[in-house]
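Structural characterization, general
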Amino acid sequence: MNRSIRISWLAALVAAPLAAPGLAADKLPNVVVLATGGTIAGAAGSDVQAAYTSGQVGVEQLLAAVPQAKKLASLRGEQISNIGSQDMNDEVWLKLARRVNELAAQADVDGIVITHGTDTIEETGYFLNLVVKTKKPVVLTAAMRPSTALSADGPLNFFNAVGVAANKDAAGRGVLVVVNDWIHGASSLTKANTTAVQTFLSPLRGLVGTVNYGECEFYRGPVGRNTLDSEFSLDGVTALPRVDIVMAHANMDGALVDAAAAAGAKGVIVAGVGNGNMTRAALDALAAQAKKGVVCVRSTRVASGRVGRNVEVDDDKLSLVASDDLNPQKARVLLRLALLKPRSLADIQKLFVEY
Ligand code: ASP
C-alpha cells in the first residue's frame with residue numbers, strides 16, 4: 001500500500017542549518033542509511049490509533065523528515081527492503097550484510113545506519129555482528145510508534161543513531177542498536193515490552209553507552225566476539241541451514257521437537273523453562289534427535305539469565321549444547337552460522353561461550 005503519508009514530524013520541519021556551526025558540510029562524516037522498513041517507516045490512518053502498517057515510508061522521506069541529522073553527518077540513503085520486521089527473512093539478511101560489507105570497505109563511508117522494525121532487530125543486529133567485517137560503526141535503529149503517531153519516537157532515534165554512527169569512538173564496538181537514548185550491543189539487547197517506547201533492555205551484559213540528542217557517552221565495548229574478530233563469513237554462502245525454535249511448557253511432549261527435525265531442521269533450539277529445562281518426554285525426544293545428528297541447544301524462555309551446561313540436565317550424556325547467555329532467537333542465529341561447516345559438539349558449545 002502506497003498511501004500518501006501525513007508524517008506528523010514532517011509537519012514540524014524547521015529550517016535546520018546544513019552543518020554544525022564552524023563545521024563545513026564537506027568535513028562531516030559520511031554516513032549511509034540503509035532502510036529495511038519497520039514501524040519507524042510505518043503509517044496509521046490517524047495520529048492516535050493503535051492499528052498501523054509497517055514499512056510505508058521510503059528512505060528519502062525518512063531522511064527528509066529529520067533534517068537536523070544533516071548537522072551530524074553527510075547522509076545518503078538506500079532502500080534495502082520495506083517490510084515489517086516480522087517478515088524479516090534470509091534473502092534480506094544476506095542482501096543487507098553484503099551491502100554493509102561493500103559500503104564499509106569504501107574509503108568515503110565513515111558509518112552506516114540501518115533502520116529496522118523492533119520485532120526482530122535483535123536477530124538482524126546479532127546476525128550482522130557476526131558477519132560484517134569492519135570496525136566502522138554499524139548502527140541499527142527503530143521505533144515503537146509509527147511515523148504518523150503523536151509523539152513518534154522514530155525521528156529522535158534516527159537522529160541519535162546518526163550521532164553514534166558519525167562518532168569515531170563508536171568504531172570497534174561491534175554492531176550497535178540505538179533506541180530511546182540507549183546504545184546496546186547487538187549481542188545483548190532484547191525486546192522486553194510489546195508496546196512501550198522503552199522496550200529494549202540488555203539484561204545481562206549491560207549497555208555499551210548512552211546517547212542524548214546525538215551526544216554519545218560510551219561505557220565499554222560489547223561482550224562477545226564480533227565483526228573483524230568473528231570467524232563467520234558469508235563468502236560463497238547462498239543459503240543458511242534451517243534451525244527451529246520450540247517453546248517448552250508444562251506437560252510438553254516431544255512432538256514438536258520431532259516435527260522440527262522432520263521438517264528438515266539441522267538444529268533445534270528449545271526455549272526451555274528455567275535454566276533450559278523441559279519435561280522428561282521432551283528431553284528424550286531431543287536426545288534422540290541429537291543422536292541422529294540434529295544439533296540440539298537448550299536455551300530458555302525466561303527473559304534473562306544464563307543456561308549452564310550439566311546443571312539439571314546431563315548435557316554430556318545426552319549430547320546437548322547449552323546456550324550460555326544467548327536467548328533462543330539469538331541462539332538460532334549463531335547455530336545457523338555454525339552449521340555452515342561441519343563442527344564437533346564441543347566446538348559448537350565453545351561458540352556459544354565465545355560469541
Ligand atoms: N512489527 C513492527 C516491526 O518489527 C514493530 C516495530 O517496528 O516496532 O517491523
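Residues numbered from 1 in each chain as written. Predicted model: local features only at pLDDT ≥ 70, side-chain atom pairs only at ≥ 80, totals over all residues. Heavy atoms only, no water.

1. Points about the side chain of Ser299
Residue position: Ser299 is located in strand E13 (residues 295–300). Take Ser299: its relative accessible area is 0%, and that puts it in the buried class. A polar contact is formed between the side chain of Ser299 and the side chain of Ser323, at a distance of 3.3 Å. A polar atom in the side chain of Ser299 sits 3.0 Å from the backbone oxygen of Leu326. Not counting residues up to four positions away in its chain, the partners in contact with Ser299 are Ile269, Val270, Ala271, Gly272, Gly276, Val307, Ser323, Leu326, Asn327 and Pro328. (Helix = DSSP H or I, 4+ residues; strand = E, 2+ residues; numbered from the N terminus. Buried < 20%, exposed > 50% of the residue type's maximum accessible area, 1.4 Å probe, protein only. Polar contact = N/O pair within 3.5 Å; in protein donor to acceptor, adjacent residues only side chain to side chain. Contact = heavy atoms within 4.5 Å.)

2. Points about the sheet that holds strand E14 (residues 321–322)
Spatially, E11-E12-E13-E14 is the arrangement adopted by the 4 strands of the open sheet, whose pairing is parallel. Two strands in the sheet have a free side with no partner beyond their single neighbour: strand E11 (243–247) and E14. (Pairing = 2+ DSSP bridges.)

3. What about the packing of aromatic side chains?
Under the defined criterion, the tally for this structure stands at 2 aromatic pairs. Measuring from ring centre to ring centre gives 4.6 Å for Trp93 and Phe127, while their planes differ by 15°; the resulting arrangement is stacked. Here Trp93 is found in helix H3 (residues 90–104), whereas its partner Phe127 is found in helix H4 (residues 121–131), with 34 residues between them in sequence. The class of Trp93 is buried, set by a relative accessible area of 5%. For the pair Phe232 and Tyr355, a centre-to-centre distance of 5.1 Å together with 55° between the ring planes defines the contact as tilted. Here Phe232 is found in the loop between strand E10 (215–218) and E11, whereas its partner Tyr355 is found in the segment after helix H10 (345–354), with 123 residues between them in sequence. One exposure class covers both Phe232 and Tyr355, and it is buried. (Phe/Tyr/Trp six-rings, centres within 6.5 Å; stacked < 30°, edge-to-face > 60°.)

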